[in-house]
Amino acid sequence: MTAPLAGIRVVEAANWLAAPSAAAMMRDLGADVIKVEPPEGDAWRHNVLGLDFEHNYPFELDNRGKRSIALALDKPGGAALLRRLVATADIFITNLMQPRRERYGLTVEELRAADPGLIYVSFSGYGTTGPDAGRPGFDYTAFWARSGIWALMGDVSGPPAMPRGGQGDHVTALNLLAATLVALRLKEQTGEGQTVEVTLQRSGIWTIGVDVSVAAVTRQQPDRFDHLHMPNPITNEYETRDGRWLMLIMPAADMYWQRFCRMIGREEWITDPRYAETLTRREHGATLTPQVREIFLQADLATWAERLDEAGLIWGPAAELPEVLEDPQLREVGTFETIRHPDPAVGAFETLATPFTVDGADIGVRGPAPEIGQHTQEVLDELSVDVEEIADLAAEGVFG
C-alpha cells in the first residue's frame, strides 16, 4: 500500500487542538510533520482535563508520529530559524494570531516571496479579515457559541447544553485536512502555491446547515426541542427504567408508527382517530408524547433494545464511552489503533485511528507524540545548521 502524503513535509507552528489534529492526520497519511513548539511546549501538553494521569493521552491523539523542535519565536534567531525550516516544507500550518505572524515574519506574503510554491494553511477562530479578525477563539466560543449551535442545544426547559471539550476542534480539523488536500491538488495542476483558510466559526455554522438554510430565508430562530411535548413521538429521546436514555429517529410515516404501536403494546393507537394519521398525531403530540414516555419507563434499556430491533425500528442508545470502546461495529471498521510508547511507565495504549479509510492507502498511526524538542538537533542537522550557529542561537535563548 502507498502512503498518500509520503514525501510531503508539513511544518506546524500551532497549538491546542484543531490545527495540530489536522497535522496529525496528515502524519497518519504519511507526511513528515515537524511540530514547532515554544521551549515550554504546546499549551495543550499541560492540560489533561482534570484527569488523574501523569501522561497526557489527549495530546497523544493530536500529535502522534510528529517530530518536535523547540524554538522561542520571540527571539530573532528563533523566528529566522522557523522561516528557514518553512522554506524546506510543502505545507505550513499555523494558528498564530496575525500580529505574531507579522512580528516573526510569518505572513503569507513573506513566506510566499521566499517559496512561491508553499501551501500556507491559516487556522483561526474567526478569520484573518473582518471585524473579529483579531479576536481569539476556542471551540466553545467560536465553534459552539458564535456559530449559532449552542443556542439550539438542550431541552427548552433548561439552559443550552454544555458542549464537550475539543468536539468543535476535531470537526474543524477534518475541514482543514480536506482544504489542504484540495490545495495540494491545485498546486499539482497549476504549479502555484495556495493559501488555505479555515475557521472554527464557519465550521460550526456548516454543521447546522439544515437550520441555517431555513433561517437564511425566514430570519427566525428555530425552536429548541421540548422532549416532553414533541409533535412526532417517534422522533424523541426517552428514559428507561434503569436510568438510561435512548433516541428514536423515524419519520412520522404510518409504516413506522404502526410498527411502533405494536412494539409497545398499544395497537389501539393505530386506529385511534387522534393518532391514526400523521397530521392528527402532530395535533395531539403534546398529550401523546408523555404517554409514550411513561411506557418507556416501564422496562430497562436492554429490554427495549431487543424489542426495537425485533420491530425493525430506527433507534440508538445513549451509549456510554466504556460501551462505545467495546462496540463490535466500531471494532470491525478499524476505529481504534494501539500506540506503543517508549516510556515503560506509559506502555501500550489505545487511541483513535484516522476517521476514514481509503482502499489501497497506507493510513495509520506512525508512533507516539514527541517529547518537547525531542527532534531539535535532528532537524537542525537537516537544515545544515553548524555547531557555531547552534551555540549562538542557544546563547540567544532560542532553545529555552
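Let me begin by describing the structure that accompanies this report. (Residues numbered from 1 in each chain as written. Predicted model: local features only at pLDDT ≥ 70, side-chain atom pairs only at ≥ 80, totals over all residues. Heavy atoms only, no water.)

Some remarks on the overall build of the protein chain
To keep it simple, the criterion reads: Under the scheme used here, helices are H or I runs from DSSP no shorter than 4 residues and strands are E runs no shorter than 2 residues, and both carry numbers assigned from the N terminus. A 1.4 Å probe rolled over the protein chains alone gives each residue an accessible area, and that area as a share of the maximum for its type sets the label: buried under 20%, exposed over 50%, partly exposed in between. Should any heavy atoms of two residues lie within 4.5 Å, those residues are counted as being in contact. To measure how exposed things are, a 1.4 Å probe is used in the Shrake-Rupley method; for residues, cover is taken only from the protein chains shown. Positive charge is attributed to Lys and Arg, negative charge to Asp and Glu, and no charge count is given to His or to the chain ends. The atom standing in for a charge is NZ when the residue is Lys, CZ when it is Arg, CG when it is Asp and CD when it is Glu.
On a plain count of helices and strands, the protein chain comes out with 18 helices and 11 strands. When the backbone C-alpha atoms are referred to their principal axes, the protein chain occupies close to 90 × 50 × 40 Å. Out of the 400 residues belonging to the protein chain, those deemed buried represent 44%. Considering only contacts in the protein chain between residues 6 or more positions apart, those separated by 24 or more positions represent 69%. In the form shown here, the protein chain has an accessible surface area of approximately 20,400 Å², with 55% of it arising from carbon and sulfur atoms. Put simply, the protein chain has 35 plus and 59 minus side-chain charges, and the middle of one group is 4 Å from the middle of the other.

Some words on the packing of helix 3 (residues 76–86) against helix 18 (residues 387–396)
We apply this condition: For helices, the fitted line uses only the C-alpha atoms of the stretch in contact; every axis is such a line through C-alpha atoms, and the angle between N-to-C directions lies from 0 to 180 degrees. Orientation is classified from the angle alone, with under 35 degrees giving roughly parallel, over 145 giving roughly antiparallel, 65 to 115 giving roughly perpendicular, and any other angle giving oblique. We call Asp, Glu, Lys and Arg charged. Ala, Val, Leu, Ile, Met, Phe, Trp, Tyr, Cys and Pro are nonpolar, and the rest, Gly among them, are polar.
Their axes nearest at 8 Å, the elements helix 3 and helix 18 cross at an angle of 130 degrees. Considered as vectors, helix 3 and helix 18 are oriented oblique to each other. For the pair helix 3 and helix 18, contact is made by Pro76, Gly77, Leu81 and Arg84 and by Glu389, Leu393 and Glu396, respectively. Looking at the contact of helix 3 with helix 18 residue by residue, the classes come out as three nonpolar, one polar and three charged.

Details of the pattern of salt bridges
A side chain with one charge can pair with a side chain of the opposite charge if their charged atoms come near. As a reminder, the rule being used: When a carboxyl oxygen of Asp or Glu is within 4 Å of a side-chain nitrogen of Lys or Arg, the pair counts as a salt bridge.
Using the criterion set out here, one finds 20 salt bridges in the structure. Within the structure, one salt-bridge network assembled from shared partners comprises Arg9, Asp32, Arg67, Glu378 and Glu382.

Focus on helix 10 (residues 254–263)
Selection criterion: The arc in question is traced by the directions running from the helix axis to the C-beta atoms.
All buried positions along helix 10 are accounted for by Tyr256, Trp257, Phe260, Cys261 and Met263. One face of helix 10 carries all of its buried residues, which in axial projection span an arc of 160 degrees. Following helix 10 by one or two positions, Gly265 adopts a phi angle in the positive range, close to 75 degrees.

Here we look at the nonpolar core
Under the convention used in this document: By nonpolar core we mean a set of buried residues, namely Ala, Val, Leu, Ile, Met, Phe, Trp, Tyr and Cys, connected to one another through side-chain atoms within 4.5 Å.
Judged by nonpolar contacts, the single largest core of 33 residues is most densely connected at Val10, Met26, Ile91, Ile93 and Leu176. Among the elements of the structure, helix 1 (18–28), strand 4 (91–94), strand 5 (119–124), helix 6 (139–145), helix 7 (167–190) and strand 6 (195–199) are those that each provide at least two residues to this core. Counting residues per element, this core draws most heavily on helix 1, which supplies six residues. Contact partners of Leu176, with chain neighbours within four places excluded, come to Ala19, Ala22, Met26, Val121, Phe123 and Val198. Of all hydrophobic cores here, the second largest spans 28 residues; its members include Ala13, Leu82, Leu85 and Val398.

Quick notes on the sheet that holds strand 9 (residues 315–317)
Note the following rule: Criterion used throughout: strands pair if DSSP finds at least two bridges between them.
Spatially, the three strands line up as an open sheet ordered 7-8-9, and their pairing is antiparallel. Every interior strand has two partners, whereas the edge strands, strand 7 (235–239) and strand 9, have only one. The average angle at which neighbouring strand axes cross in this sheet is 15 degrees, direction not considered. The pairing of strand 7 with strand 8 (residues 245–249) spans five bridges and is classified as antiparallel. Pairing of Asn236 across the sheet is with Leu248, part of strand 8.

Concerning the packing of aromatic side chains
Convention followed: Under the pairing criterion, centres of Phe, Tyr and Trp rings, with the six-membered ring standing for Trp, must be within 6.5 Å; the plane angle then separates stacked pairs below 30 degrees from edge-to-face pairs above 60, leaving the rest tilted.
Counted according to the given criterion, the structure contains 11 aromatic pairs. Here the aromatic rings of Trp257 and Trp269 are separated by 6.2 Å at their centres, their planes lie at 0 degrees, and the arrangement is stacked. One end of the pair, Trp257, is in helix 10; the other, Trp269, is in helix 11 (residues 268–271), and 12 residues separate them in sequence. Its relative accessible area of 1% is what places Trp257 among the buried residues.

Looking at the sheet that holds strand 4
As summarised here, the arrangement of the six strands in space is 3-2-1-4-5-6, forming an open sheet in which the pairing is parallel. Unpaired on one side and paired on the other, strand 3 (67–70) and strand 6 mark the two borders of the sheet. For this sheet the average axis-to-axis angle between neighbouring strands, irrespective of direction, equals 20 degrees. Examined bridge by bridge, strand 4 and strand 5 share four bridges and lie parallel to one another. Along strand 5, the bridge assignment pairs Phe92 with Tyr120. Of the strands in this sheet, strand 1 (9–13), strand 2 (32–37), strand 4 and strand 5 touch helix 1, which is tilted by about 155 degrees from strand 2. Across the sheet, helix 3 lies against strand 1, strand 2, strand 3 and strand 4, angled at about 155 degrees from strand 1, the strand it touches most.

Function-wise, these values are silent; they only describe arrangement.
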